There are 2 protein chains.
Amino acid sequence: MLAPGCELDPDQEVVRTRPEDYFLRPPSHAACTACGTVMTIHIVERMASVIPASNSSMRSDRNTYVGKRFVHVKNAYLDSMDEDILYHLDLGTKTHNLPAMFGDVKFVCVGGSPNRMKAFALFMHKELGLEEAEEDIKDICAGTDRYCMYKTGPVLTISHGMGIPSISIMLHELIKLLHHARCCDVTIIRIGTSGGIGIAPGTVVITDIAVDSFFKPRFEQVILDNIVTRSTELDKELSEELFNCSKEIPNFPTLIGHTMCTYDFYEGQGRLDGALCSFSRGKKLDYLKRAYKAGVRNIEMESTVFAAMCGLCGLKAAVVCVTPLNRLDCDQINLPHDVLVEYQQQPQLLISNFIRWRLGLCD
Amino acid sequence: MLAPGCELDPDQEVVRTRPEDYFLRPPSHAACTACGTVMTIHIVERMASVIPASNSSMRSDRNTYVGKRFVHVKNAYLDSMDEDILYHLDLGTKTHNLPAMFGDVKFVCVGGSPNRMKAFALFMHKELGLEEAEEDIKDICAGTDRYCMYKTGPVLTISHGMGIPSISIMLHELIKLLHHARCCDVTIIRIGTSGGIGIAPGTVVITDIAVDSFFKPRFEQVILDNIVTRSTELDKELSEELFNCSKEIPNFPTLIGHTMCTYDFYEGQGRLDGALCSFSRGKKLDYLKRAYKAGVRNIEMESTVFAAMCGLCGLKAAVVCVTPLNRLDCDQINLPHDVLVEYQQQPQLLISNFIRWRLGLCD
């Protein structure tokens, strides 16, 4: 078990488990990135017989243990807690049977807007041909107004609000939920809207790597009063699978590129239409053109922390955003309502096709 | 008029206006904080006869012009826009008559949770004894699910979601809304919940200054790829008025102190119950005790950007948060539901009393 007080290299995976159903592998070693201390790591492994085989292919990668990729938490304190209250989801380990409710989840789809995520859940329900009546698809987090959550077969859909702090709270509690529910081989995809850079409005961008306002592939996490830099790489194989899926849809312009993630929609994204604007149009265009040159094709507000946290916790993750405007041309969306709605549905359509393909439901 | 491309010293106020109803004062000068260039500043002033006298006292301070304190935008581009779409509020200058809808607003109350802000609006409606039927108080932003907004007499109530980016988007659009609506002498108060440090659960904290994770009274705003540091001081007179109001309510423990604002609820606030935790209980307690020593009495996630933006735009601002738990004792709220609800209502009660006092409605 990882000792409290040390942050390990993200490439050194440590699986935290419950005592039953698991066995210990021979100990290995890793250096603490904060203080350099070499530590003994006990990797605990789930017995293969406990969970039935998944539909997904069993690839060998850094997150795989005997063909199963569990959702990790990296917190040695959780086991000692009598109860874990997932406050912002209105769920808990004592009040809910999380393995029974969520144990079969294989896909998690997240997005900012509660309404759009509800629409996606209803769309997935139809696309998967599930027997349950549509009106029975209820918000699992109805007891709180922070996030909404729907489950349709193996697909869990959750809203995350706007910005890094808001999605970060949801991800902490979602990852604990998936861990408590003993989920394995989970794929997580953020679907959303974003500002395009130098690409035609309506293009869908699949993120290869999330970068910050300085075009760096990093997420700076403040931990107490220290800053820890985390990797923001997303799953290459997953993004390629999604890109291949997009080719099957007629008139569906899609590309793979870098996504810039900012803490602010106005000054931080070079908009000239905020309450505060201290830069010129020329400076704005210079910045956006430098971003383009660095490989950035769209800007949103959640991808760096999403990539960092999912990467650390063994979730294969992708970000798929449509771009209703080209920020080299304008700052405000001024599209006819039906065109905007159609654009917003593009990522949903792609992810639905991808999930159906993964589940072997495509023709 | 302030030329695009320069950020002025926050103490140098520049009022942006429409051509009608205004006159020019003799030009003054200010140095650009980015490049040092001394610029000629034309301060434009509204003619005293246009808006009726406010109920609030006319104090002389840096935001006052002939007894009127207007809401400033600091963006020279806004005037040249044919239409300003306040996208996340689902309002706009062409689609809505903003002066008619909002011109009489004197108090703006903001908080994270949509449900709690709706409850506050209904409570204010009752407390102000307004004639309009309760069922007619509708969400003005019903066309979007990003924020909700209610108006009850001179009180505008808005939700802002969780975290700095989410409240920042709302504030940009709210400030433009108040500017377009030609509001003056506006007081804005954030009401919310927070984690207490070294104080009894249930205590209400009125913030004197917001500090960051390093206990510094600053907000670091990324503008393009530059970092600009902004002041996070709140209105001293307003916080004292609120504190005096609290003394009138029986059994209402209240104090004035520093509020720490973080980008993260778990690792950034030293919680031991997140999906990721790389520090020990000792390190957590050491950090929180150092925060206490630096004057911090509670932790939340919006106050620095709220103080910075309101200060720059001429809004007298306060932050009033209740503390349902003492973070030196625990990380999770584990109170009976009715106690938690009672705590959450404390800031609402104080602000309602304050507004009634300001409007001369108290006995």
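Nothing here was measured: the structure is a model prediction, and the numbers come from that model.

1. Structural notes on the overall build of chain A
1) Next: A count of helical and extended segments in chain A gives 7 helices and 16 strands.
2) Next: Expressed as a percentage of its 363 residues, the buried residues of chain A come to 60%.
3) Next: A separation threshold of at least 6 residues defines the contact pool for chain A, and within that pool the share at least 24 residues apart is 74%.
4) Next: Of the roughly 13900 Å² of accessible surface on chain A, a fraction of 52% belongs to carbon and sulfur atoms.

2. Brief notes about the environment of Pro201 of chain A
Residue and element names in this part refer to chain A.
1) Next: Within the secondary structure layout, Pro201 lies in the loop between β10 (187–196) and β11 (203–211).
2) Next: With relative accessibility at 40%, the residue Pro201 sits in the partly exposed group.
3) Next: Distance from Pro201 to Tyr343, taken between C-alpha atoms, is 8.6 Å for residues 142 residues apart in sequence.

3. Some words on the packing of aromatic side chains
1) Next: Scanning the entire structure with this criterion turns up 9 aromatic pairs over all chains.
2) Next: When the ring of Phe265 of chain A is compared with that of Tyr266 of chain A, the centres are 5.1 Å apart and the planes differ by 80°; the resulting orientation is edge-to-face.
3) Next: Of the residues examined, Phe265 of chain A reaches a relative accessible area of 17% and is grouped as buried.
4) Next: Look at Tyr266 of chain A and you get buried, because its relative accessible area is 1%.
5) Next: Between Phe107 of chain B and Phe354 of chain B, the ring centres sit 6.4 Å apart and the planes meet at 85°, which makes this aromatic pair edge-to-face. Taken together, the residues Phe107 of chain B in strand β7 (residues 107–111) and Phe354 of chain B in helix α7 (residues 337–358) connect sequence positions 247 residues apart.

4. As for the domain arrangement of chain A
Residue and element names in this part refer to chain A.
1) Next: Assigned domains within chain A: domain 1 (70–185) and domain 2 (191–358).
2) Next: In this assembly, domain 1 packs against domain 2 so that about 2300 Å² is buried in total across both faces, 73% of it on carbon and sulfur atoms.
3) Next: Where domain 1 touches domain 2, the interface holds 0 salt bridges.
4) Next: Across the contact surface, domain 1 and domain 2 share 8 residue pairs in polar contact (both at pLDDT 80 or more).
5) Next: For the side of domain 1 that touches domain 2, the class distribution of residues is 18 nonpolar, 7 polar and 3 charged.

5. Quick word on the interface of chain B and chain A
Accessible area lost upon the coming together of the parts is a frequently used measure of interface size.
1) Next: With 73 residues of chain B in contact, the opposing surface of chain A contributes 73 residues.
2) Next: On the chain B side of the interface with chain A, the three residues burying the most area are Met162, Leu224 and Ala275 of chain B, jointly 12% of the side's total.
3) Next: Joining chain B to chain A, the criterion identifies 4 salt bridges.
4) Next: Between Asp225 of chain B and Arg290 of chain A there is a salt bridge, with the nearest N and O atoms lying 2.8 Å from each other.
5) Next: Put simply, chain B and chain A have 34 residue pairs in polar contact (both at pLDDT 80 or more) between them.
6) Next: Sorting the residues of the side of chain B that touches chain A by element identifies α2 (114–127), α3 (164–180), β12 (218–223), β13 (226–231), α5 (281–293), α6 (303–312) and α7 of chain B as the ones contributing at least two each.
7) Next: The leading source of residues in the side of chain B that touches chain A is α3 of chain B, at 9 residues.
8) Next: Its residues assigned to classes, the side of chain B that touches chain A comprises 35 nonpolar, 20 polar and 18 charged.

6. Re the packing of helix α4 (residues 236–247) of chain B against α7 of chain B
Residue and element names in this part refer to chain B.
1) Next: Look at α4 against α7: their axes get within 9 Å of each other, and the N-to-C directions meet at 105°. The pairing of α4 with α7 is recorded here as roughly perpendicular in orientation. Across the interface between the two elements, Leu238, Glu241, Leu242, Cys245 and Ser246 from α4 touch Leu350, Ile351, Asn353, Phe354, Trp357 and Arg358 from α7.
2) Next: Residue composition of the contact of α4 with α7, by class: 7 nonpolar, 2 polar and 2 charged.

7. Observations concerning the environment of Lys176 of chain A
1) Next: In this fold, Lys176 of chain A is placed in helix α3 (residues 164–180).
2) Next: It is 26 Å that separates the C-alpha atoms of Lys176 of chain A and Thr262 of chain A, two residues lying 86 residues apart in sequence.
3) Next: Non-local contacts of Lys176 of chain A, meaning those with residues more than four positions away in its chain, are made with Val73, Leu78, Asp84 and Leu86 of chain A together with Tyr266, Asp273, Gly274, Ala275 and Gln332 of chain B.
4) Next: Of note is the side chain of Lys176 of chain A, whose polar atom sits 3.0 Å from the side chain of Asp84 of chain A.

8. Quick word on the UniProt feature "binding site: substrate" (unreviewed entry) in chain A
All names here are of chain A.
1) Next: Under the UniProt annotation, "binding site: substrate" (unreviewed entry) lies at Gln269 and Arg271.
2) Next: As for its position among the elements, Gln269 is in the loop between β14 (254–261) and α5 (281–293).
3) Next: A relative accessible area of 2% means that Gln269 is categorised as buried.
4) Next: Filtering out sequence-adjacent residues up to four positions away, Gln269 remains in contact with Thr262, Asp264, Leu288, Ile299, Glu300, Met301 and Arg327.
5) Next: Among the polar contacts made by the side chain of Gln269, one reaches the side chain of Thr262 at a distance of 3.1 Å.
6) Next: Its location among the elements puts Arg271 in the loop between β14 and α5.
7) Next: Among all residues touching Arg271, those that are not within four sequence positions of it are Phe265, Tyr266, Cys277, Phe279, Leu325, Arg327 and Asp331.
8) Next: In terms of polar contacts, Arg271 uses its side chain to reach the backbone carbonyl oxygen of Phe265, at 3.0 Å.

So, how was this worked out
- Per chain, residue numbering runs from 1 following the sequence as it is written.
- By the order in which they are written, chains take letters starting at A while ligands take numbers starting at 1.
- In keeping with the model being predicted, local features are shown solely for residues with a pLDDT of at least 70 and side-chain atom pairs are shown and tallied solely at 80 or more, while totals for entire chains, interfaces and linings include all residues.
- Excluding hydrogens and water, the side-chain values take into account all heavy atoms of the structure.
- Secondary structure elements follow DSSP: runs of H or I no shorter than four residues count as helices, runs of E no shorter than two count as strands, and numbering proceeds from the N terminus.
- Burial status follows relative accessibility: with a 1.4 Å probe on protein chains alone, a residue under 20% of its type maximum counts as buried, one over 50% as exposed, and anything between as partly exposed.
- Every residue pair with non-hydrogen atoms within 4.5 Å of one another is taken to be in contact.
- Note on areas: Shrake-Rupley with a 1.4 Å probe; residue coverage comes only from the protein chains shown.
- Paired rings are identified among Phe, Tyr and Trp, the last through its six-membered ring, by centres lying within 6.5 Å, and are further divided according to the angle between planes into stacked (under 30 degrees), edge-to-face (over 60) and tilted (the rest).
- Each domain span listed reflects an automatic or database assignment of domains.
- Buried area adds together the accessible area that both of two parts lose upon being put together, with accessible area traced by a 1.4 Å probe.
- We define a salt bridge as a contact between a side-chain nitrogen of Lys or Arg and a carboxyl oxygen of Asp or Glu at a distance within 4 Å.
- Any pair of nitrogen or oxygen atoms within 3.5 Å is treated as a polar contact; in protein, a donor-acceptor pairing is required on top of that, and neighbouring residues in sequence qualify only through side-chain atoms on both sides.
- Each residue is assigned to one class: nonpolar for Ala, Val, Leu, Ile, Met, Phe, Trp, Tyr, Cys and Pro, charged for Asp, Glu, Lys and Arg, and polar for all the others, Gly among them.
- Axis definition: a line fit to C-alpha positions, over the contact stretch in the case of helices; interaxial angles, taken between N-to-C directions, run 0 to 180 degrees.
- In these notes the angle categories are as follows: under 35 degrees is roughly parallel, over 145 is roughly antiparallel, 65 to 115 is roughly perpendicular, and the rest is oblique.
- UniProt positions are given in the numbering used here, feature names are shortened, and annotations may be inferred rather than shown by experiment.

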